[in-house]
Amino acid sequence: MANNIAAPTEDLASTDAETTINHPLASSEAPLEDGATPSNDSTYGDDISSTFSVTSLIRDYEIENGRTYHAFKAGRYLMPNDEVSAPNCNCSRIIIDFRNLKEEQDRMDIAYHAFRMLFDNKPFFAPIGDNPQEIVDVGTGTGIWAIDVGDAYPGARVRGTDLSPIQPIFVPPNVVFQIDDCLEYPWTFKENSIDLVHTRDLHGWVVNDWVTFYKESFRVLKPGGYVESQEFDCMDKCDDDSLPPNSAVHQWFQLLNEGAVKSGINLRLKPSDLVEAMEEAGLVDIEVKTFKLPFGPWSSDKKLKQPGIFTLVSMLEGLSGISAGLFTRYLGWDMNRLEVLLAATRAEWRQKKVHTYVDVCVVYGKKPL
Ligand SMILES: C[S@@+](CC[C@H](N)C(=O)[O-])C[C@H]1O[C@@H](n2cnc3c(N)ncnc32)[C@H](O)[C@@H]1O
């Protein structure tokens, strides 16, 4: 595994929310017995919180509001890349110890596990066969997806690209990371050479022009190769009346989107946006899968409980990093004001009665033979 979180297994996806994430302090507090009531029944628990050489230019991160940001192409991406320590976390019957975790990187890894569980442990859905040769993960983050896919397909070379050199050094021999700006076209990959181009969680923050992105994917894909995007619509959804009036969670999403628009990016997404972009790029046999990703283990659908826990943890963990750039640079907020809203947002998410989720979609399309 890429970092210090134990691998999710199929067991993890299939059992109820009763899992200890294997981390140094995880045993400091025993999980609750089945049916036991947490000390504060209305919330999930008080302590839930949230290979290559590189030049010094790339390693010298930019610092703003106490957070570090990528230095290569500084300013292009608005989220941090840092290794800030975070507090311990224990969520009802799932216990995660964050003492040694690294904030933004671990937010990405925790979110990765949420997606894996939501997808029944599948890293991707595109039917690329059992013997792919070349797989690319664009905007790979910590590289956790690339490493897992490299393990699963030892006959394939898996390349992950990113602006930040935050990937581990010890990786499977068939996995390679490269610092690359995916918005600089043409990409370095040869035409007609790739079996699968994969993206996850790039919408808006990284890619706003999907047509150009998919046209470049089309160029580098082999005939019969696929591009797959696993993305979500950045807006809270709620199917009942569980959100309080003037909900902090809802305000946070609205303000984040307002800042995004001011910065020139769009965090809202419909699956049809990706379908239309793929069609315009010439991709065929396009398939769409949609999912609801809950914030917290509130769903009556057992399969959604653990993705919900991981999503809640990743959001509590990453909320400040996700918000800082847009709120301070584009909405004119200072960090003190922001932290008040974030505290209210976290408190609301922790309440079991608040049933929010986001819409996730997986869209894949094929380069014709
Ligand atoms: C939200 S994270 C998603 C990471 C990973 N795909 C995942 O799902 O865990 C977005 C990643 O894209 C990277 N990124 C941002 N702009 C980029 C660009 N122009 N080219 C390549 N990577 C970029 C960021 O450094 C970050 O690691």
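The residue numbering used here restarts from 1 in each chain and proceeds along that chain's sequence as written. The predicted nature of this model means local features are confined to residues of pLDDT at least 70 and side-chain atom pairs, given and counted, to a pLDDT of 80 or more, with totals for whole chains, interfaces and linings taken over all residues.

1. A short note on the packing of helix α5 (residues 210–220) against helix α7 (residues 271–281)
For step 1, the next point in the chain: At a closest axis distance of 8 Å, the pairing of α5 and α7 adopts a crossing angle of 50°. As summarised for this structure, α5 and α7 are arranged oblique, according to the angle between their axes. α5 and α7 meet at a crossing whose hand is right-handed. On α7, the residues that touch W210, V211, Y214, K215 and F218 of α5 are D273, L274, A277, M278, E280 and A281.
For step 2, the next point in the chain: Residue composition of the contact of α5 with α7, grouped by class: eight nonpolar, no polar and three charged. Interaxial angles span 0 to 180 degrees and are taken between N-to-C directions of axes, which are lines fitted to C-alpha atoms, for helices over the stretch in contact. Comment: elements are numbered from the N terminus, with helices defined as DSSP H or I runs of at least four residues and strands as E runs of at least two. Geometric relationships in this document are graded by angle, where less than 35 degrees denotes roughly parallel, more than 145 denotes roughly antiparallel, 65 to 115 denotes roughly perpendicular, and other angles denote oblique. Each crossing is labelled by how the near helix is turned from the far one, with a counterclockwise turn of less than a right angle marking it left-handed and a clockwise turn marking it right-handed. Placing a C-beta atom from the backbone of each residue, one calls two residues in contact when those atoms lie within 7 Å. Residues were grouped as follows: Ala, Val, Leu, Ile, Met, Phe, Trp, Tyr, Cys and Pro as nonpolar; Asp, Glu, Lys and Arg as charged; and all remaining residues, including Gly, as polar.

2. Let's talk about the nonpolar core
For step 1, the next point in the chain: Within the largest apolar cluster, 76 residues are counted, with the highest numbers of intra-cluster contacts made by A114, L196, V197 and Y214.
For step 2, the next point in the chain: When residues of this core are assigned to their parent elements, the largest contribution, 11 residues, is made by helix α8 (residues 302–330). What we call a nonpolar core is a set of buried Ala, Val, Leu, Ile, Met, Phe, Trp, Tyr and Cys residues whose membership is set by joining through C-beta atoms within 7 Å. With C-beta atoms placed from the backbone, a residue is buried if 20 or more other C-beta atoms are within 10 Å of its own, exposed if 12 or fewer are, and partly exposed between those counts.

3. With respect to the site of the ligand
For step 1, the next point in the chain: Residues in close proximity to the ligand total 21 residues, the closest being Y77, G139, G141, C182 and R200.
For step 2, the next point in the chain: Residue assignment for the shell around the ligand shows that the elements contributing at least two residues are α3 (103–118) and β6 (157–162).
For step 3, the next point in the chain: Residue classes in the shell around the ligand are distributed as nine nonpolar, seven polar and five charged. In this text, near has one meaning. A residue is near a molecule or strand if its C-beta atom, placed using the backbone, is within 6 Å of it.

4. As for the sheet that holds strand β8 (residues 194–200)
For step 1, the next point in the chain: Two strands are said to pair when DSSP picks up at least two bridges between them. The sheet built from seven strands is open, its strands ordered β7-β6-β5-β8-β9-β11-β10 with mixed pairing. Looking along the sheet, the strands with just one partner apiece sit at the ends: β7 (175–179) and β10 (284–294). For this sheet, the mean angle separating the axes of adjacent strands, direction not counted, is 15°.
For step 2, the next point in the chain: By the bridge criterion, five bridges tie β6 to β7 in an arrangement that is parallel. Its bridge partner lying in β7, R159 is registered against V176.
For step 3, the next point in the chain: Across the face of the sheet, helix α4 (residues 144–152) comes into contact with β5 (134–138), β6, β7 and β8 while running at roughly 180° to β6.
For step 4, the next point in the chain: α5 rests against β8 and β9 (221–232) of the sheet, and its axis sits at about 145° to β9.

5. Considering the confidence of the model for the chain
For step 1, the next point in the chain: Mean pLDDT over the chain stands at 80; residues scoring 70 or higher make up 73%.
For step 2, the next point in the chain: pLDDT is defined as a per-residue confidence score from the predictor, taking values between 0 and 100. Every residue in residues 1–40 is under pLDDT 50, and counting partners more than four places away or in other chains gives 72 contacts.

6. Considering the packing of α8 against helix α9 (residues 335–350)
When two helices pack together, their arrangement is captured by the angle between the axes and the distance separating the axes.
For step 1, the next point in the chain: Here α8 crosses α9 at 155°, and the two axes come no closer than 10 Å. With respect to α9, the element α8 is oriented roughly antiparallel. At the point where α8 passes α9, the crossing takes the right-handed sense. Within the contact between the two elements, α8 uses L312, M315, L316, L319, S320, S323, F327 and T328 and α9 uses M335, L338, L342, T345, R346 and W349.

7. Focus: the environment of I309
For step 1, the next point in the chain: Within the fold, I309 resides in helix α8.
For step 2, the next point in the chain: With 14 residues separating them along the chain, I309 and F295 place their C-alpha atoms 6.9 Å apart.

8. Digging into the pairing of β9
For step 1, the next point in the chain: With nine of 12 residues buried, β9 lies mostly within the body of the structure.
For step 2, the next point in the chain: Here β8 runs beside β9; their pairing, made up of six bridges, is parallel. Among the inter-strand pairings, H198 is bridged to a residue of β9, identified as E228.
For step 3, the next point in the chain: Handedness of a crossover: with both strands directed away from the viewer, a clockwise path from the first strand across the helix to the second marks it as right-handed. For the crossover from β8 across α5 to β9, the handedness is right-handed.
For step 4, the next point in the chain: Here β9 runs beside strand β11 (residues 357–366); their pairing, made up of seven bridges, is antiparallel. Residue pairing for β11: V227 is matched across the bridge by G365.

9. Considering helix α6 (residues 248–263)
For step 1, the next point in the chain: In this model α6 runs 22 Å from its N-terminal to its C-terminal C-alpha over 16 residues, within 8% of the 22 Å that 1.5 Å per residue would give.
For step 2, the next point in the chain: Burial in α6 covers these residues: A248, V249, W252, G259 and A260. For α6, the angular spread of buried residues about the axis comes to 115°, placing them on one side.
For step 3, the next point in the chain: In the stretch just after α6, G264 is the one whose phi turns positive, near 95°. For a helix, the expected span equals 1.5 Å multiplied by the number of residues minus one. When we speak of the arc, we mean the arc of directions from the helix axis to the C-beta atoms.

10. Overview of the pairing of β5
For step 1, the next point in the chain: Counting buried residues in β5 gives four out of five residues, a clear majority hidden from the surface.
For step 2, the next point in the chain: With five bridges joining them, β5 and β6 adopt parallel strand pairing. By the bridge assignment for β6, V136 is matched with R159.
For step 3, the next point in the chain: Handedness of the crossover joining β5 and β6 through α4 is recorded here as right-handed.
For step 4, the next point in the chain: Where β5 and β8 come together, four bridges link them in parallel fashion. Bridged to V136 within β8 is V197.

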